[in-house]
Protein chains: 2
Amino acid sequence: MLTLYGYYRSSAAYRMRIALNLKGLEYRQVSIHLRDGAQFAEDFGRINPQHQVPTLETDSGDLLVQSPAIFEWLEETYPEPSLLPADPLGRQRVRAMAAVPGCDIHPIGNLRVLQYLQRELGQDQEAVTAWARHWIELGFAGLERMLAGHPATGTFCHGETPTMADVFLVPQLFNAARFGADMDSFPTIRRIGETCNAHDAFERAAPGNQEDAE
Amino acid sequence: MLTLYGYYRSSAAYRMRIALNLKGLEYRQVSIHLRDGAQFAEDFGRINPQHQVPTLETDSGDLLVQSPAIFEWLEETYPEPSLLPADPLGRQRVRAMAAVPGCDIHPIGNLRVLQYLQRELGQDQEAVTAWARHWIELGFAGLERMLAGHPATGTFCHGETPTMADVFLVPQLFNAARFGADMDSFPTIRRIGETCNAHDAFERAAPGNQEDAE
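Computed from a predicted structure; not experimentally measured. (Residues numbered from 1 in each chain as written. Chains lettered and ligands numbered in written order. Predicted model: local features only at pLDDT ≥ 70, side-chain atom pairs only at ≥ 80, totals over all residues. Heavy atoms only, no water.)

A.B. asks: Could you clarify how one ought to interpret the packing of aromatic side chains in this entry?
C.D. replies: Any aromatic ring pair is given by two values, namely how distant the centres are and how the planes are angled relative to each other. Applying the stated criterion to the full structure yields 19 aromatic pairs over all chains. Here the aromatic residues Y116(A), W131(A), W135(A), Y116(B), W131(B) and W135(B) are joined through ring pairs into a cluster of three or more. (Phe/Tyr/Trp six-rings, centres within 6.5 Å; stacked < 30°, edge-to-face > 60°.)

Put into structure tokens, the structure is as follows:
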């Protein structure tokens, strides 16, 4: 069975839970308590050389890191149901939409960055929250323009079934709510988020439904 | 012919120039002056809905955004020479190494983030440079552990020919030098960087060799 080293509130681990659920794969979870710094344990460096989550351990003991790269491996190794369209331009669009949270929002607002703002730059909670909200709202503004009115946008980000774009979007929506981002300007994103969150694979992956949720 | 909308010093555009050169594809470049804010022009929103670079325009006029997603499209559309290994675990490793600069370093240290630190949080040049260096050195520490002693590491990050991992690494090395990152702890990264920079496809892509270089 696959093993996912994650944390209930980690966006990148949340993505992996959604993808594994959508593909109908069984997996066990090992919780690494990020707020307590469990990822910095020397032993954990063998599981993840960057001391981050997620890591996906295969049946053969291979240790896979970096959520976009794990996603592509899952898609190649367990192609059904596919979470990428069949046509190259559609695949490009879906991967580009996934990269908005994956590269342009989440890395700037994750725990270690917010901790640096507080500890090294002496920023208070208000400034840290404003920082997180700023990058979420800026990224979502671009994503909304990519989605709204595009002929390929459907019930989900691309067509009528979930893709990589939805897998990456939903954990960012969870963070947007945590930080109180203003979602009024993003009606398409909100509509797709509601559809996803009503879907069993997304619901079972939600932070609040994990054993290590606090 | 393909058209690349970029900027000589943008890491993400630099990646695209390397990949296009490695694949032997002809392309013309349109320079978008990021420091002058040319990406915020309303017209440019049609080219890139996030008002960022790069955008790759195809012969058919399709506008492709987000460098990791453009990379995968190039790989699928122009498979030779391949910039990903043939085996799924090798592909996973290469994509994971590309994600270190792609997701964990560059997004936190790019121009718009540094400008926010200065303008919104009142940080001085010293604090901004220390910030950029911090995320580069932290990311490279993880990447060095992924490379050093791994049996698949070769002349390049993975084997004896350039892959996506090298395409994403080299622009980050350019930034590391700009910000004065301490590279002493990363001998494998340094060795691979020197090999890449002596390679014609990488050299022609270097910021200093672009028409819009200042």
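Next comes the rest of the account.
A.B. asks: Help me out: how do you make sense of the sheet that holds strand β3 (residues 55–57) of chain A in this one?
C.D. replies: Strands belonging to one sheet form pairs held by backbone hydrogen bonds; the direction of such a pair is parallel or antiparallel. Residues and elements named next belong to chain A. Pairing within the open sheet is mixed, and its four strands lie in the order β2-β1-β3-β4. Each having just a single partner strand, β2 (27–31) and β4 (63–65) make up the two edges of the open sheet. When strand polarity is set aside, the average angle formed by the axes of neighbouring strands in this sheet is 25°. Relative to β4, β3 is paired through three bridges, and the arrangement is antiparallel. If you follow E57 over to β4, its bridge partner there is L63. Along the sheet, helix α1 (residues 11–22) contacts β1 (2–6), β2 and β3; its crossing angle with β1, the most-contacted strand, is approximately 155°. (Pairing = 2+ DSSP bridges. Helix = DSSP H or I, 4+ residues; strand = E, 2+ residues; numbered from the N terminus. Axes fitted to C-alpha atoms, helices over the stretch in contact; angles between N-to-C directions. Contact = heavy atoms within 4.5 Å.)

A.B. asks: What is the right way to look at helix α8 (residues 187–197) of chain A in this model?
C.D. replies: The α-helix winds at 3.6 residues per turn, so residues separated by three or four positions along the chain end up facing the same way. Residue and element names in this part refer to chain A. Regarding α8, the residues found buried are T188, I189, I192, G193 and C196. Here the buried residues of α8 occupy an arc of 130° about the axis, which is enough to place them on one side. For α8, the elements touching its buried residues are α6 (125–147), α7 (164–178) and α9 (200–205). (Buried < 20%, exposed > 50% of the residue type's maximum accessible area, 1.4 Å probe, protein only. Arc of directions from axis to C-beta.)

A.B. asks: What's the story with the packing of α6(A) against helix α5 (residues 111–119) of chain B in this structure? I'm lost.
C.D. replies: A pair of packed helices is characterised by two quantities: the angle between their axes and the separation of those axes. The geometry of α6(A) relative to α5(B) is characterised by a closest axis approach of 13 Å and an angle of 145° between their N-to-C directions. Both α6(A) and α5(B) take part in a crossing whose hand is right-handed. Every residue of α5(B) that contacts α6(A) at A130(A), W131(A), H134(A), W135(A) and L138(A) is listed here: R112(B), V113(B), Y116(B) and L117(B). (Left-handed = near helix turned anticlockwise from the far one by under 90°.)

A.B. asks: Would you mind going over the interface of chain B and chain A with me for this structure?
C.D. replies: How big an interface is tends to be expressed through the accessible area that disappears when the partners come together. Counting residues at the interface gives 42 residues for chain B, matched by 42 residues for chain A. Of the roughly 3900 Å² buried where chain B meets chain A, counting both sides, 63% is carbon and sulfur surface. Of all residues in chain B, Q92(B), R112(B) and Y116(B) give up the largest surface area on contact with chain A, accounting jointly for 15% of the area buried on that side. On inspection of chain B and its partner chain A, the count reaches six salt bridges. Of the charged contacts, one joins D104(A) and R112(B) as a salt bridge, the two residues approaching to 4.0 Å between their closest N and O atoms. Our enumeration of links across chain B and chain A arrives at 15 residue pairs in polar contact (both at pLDDT 80 or more). Secondary structure elements with two or more residues in the side of chain B that touches chain A: β4 (63–65), α3 (67–77), α4 (88–109), α5 and α6 (125–147) of chain B. No other element matches α4(B), which puts 13 residues into the side of chain B that touches chain A. (Buried area = accessible area lost by both parts, 1.4 Å probe. Salt bridge = Lys/Arg side-chain N within 4 Å of Asp/Glu carboxyl O. Polar contact = N/O pair within 3.5 Å; in protein donor to acceptor, adjacent residues only side chain to side chain.)

A.B. asks: Would you explain the pairing of strand β1 (residues 2–6) of chain B in this entry?
C.D. replies: All names here are of chain B. The buried fraction of β1 is high, at five of five residues. Side chains L2, L4 and G6 of β1 all project onto a buried face; the interleaved residues T3 and Y5 project onto the opposite face, where all are buried too. The sheet contact formed by β1 and strand β2 (residues 27–31) spans five bridges and is parallel. From the neighbouring strand, T3 faces β2, where its bridge partner is R28. Handedness of the crossover joining β1 and β2 through helix α1 (residues 11–22) is recorded here as right-handed. In this sheet, strand β3 (residues 55–57) lies alongside β1 in antiparallel orientation, the contact comprising three bridges. Bridging across to β3, L4 finds its partner in L56. (Right-handed = clockwise from strand over helix to strand, strands pointing away.)

A.B. asks: I'm lost on the environment of T77(A) in this one. Help?
C.D. replies: Residue and element names in this part refer to chain A. Its place among the elements puts T77 in helix α3 (residues 67–77). The class of T77 is partly exposed, set by a relative accessible area of 31%. In terms of polar contacts, T77 uses its side chain to reach the backbone carbonyl oxygen of W73, at 2.7 Å.

A.B. asks: How should the relation of the copies chain B and chain A be read in this particular structure?
C.D. replies: The operation relating the two chain copies consists of a rotation about an axis and a shift along that axis. For the pair chain B and chain A, the best superposition has an RMSD of 0.0 Å and corresponds to a rotation of 180° with a translation of 0.0 Å parallel to the axis. Taken together, the rotation and translation describe the operation of a two-fold axis. Of the residues that chain B buries at the interface, 100% are likewise interface residues in chain A, meaning the two copies contact each other through the same surface. (Least-squares fit on C-alpha atoms with pLDDT ≥ 70 in both.)

A.B. asks: Any chance you could explain the pattern of salt bridges here in plain terms?
C.D. replies: Once the charged atoms of two side chains with opposite charge are near each other, the side chains can pair. Residue and element names in this part refer to chain A. Evaluation of the coordinates by the stated rule reveals twelve salt bridges over all chains. Taking the shortest distance from any N to any O, the salt bridge between E75 and K23 comes out at 2.9 Å. Residue E75 is located in helix α3, and its partner K23 is located in the loop between α1 and β2; the two are separated by 52 residues in the primary sequence. On the basis of relative accessible area, K23 is assigned to the buried category, the value being 8%. A salt bridge links E72 to R95; the shortest N-O distance between them is 2.8 Å.

Geometric descriptors of this kind do not, in isolation, establish any biological role.
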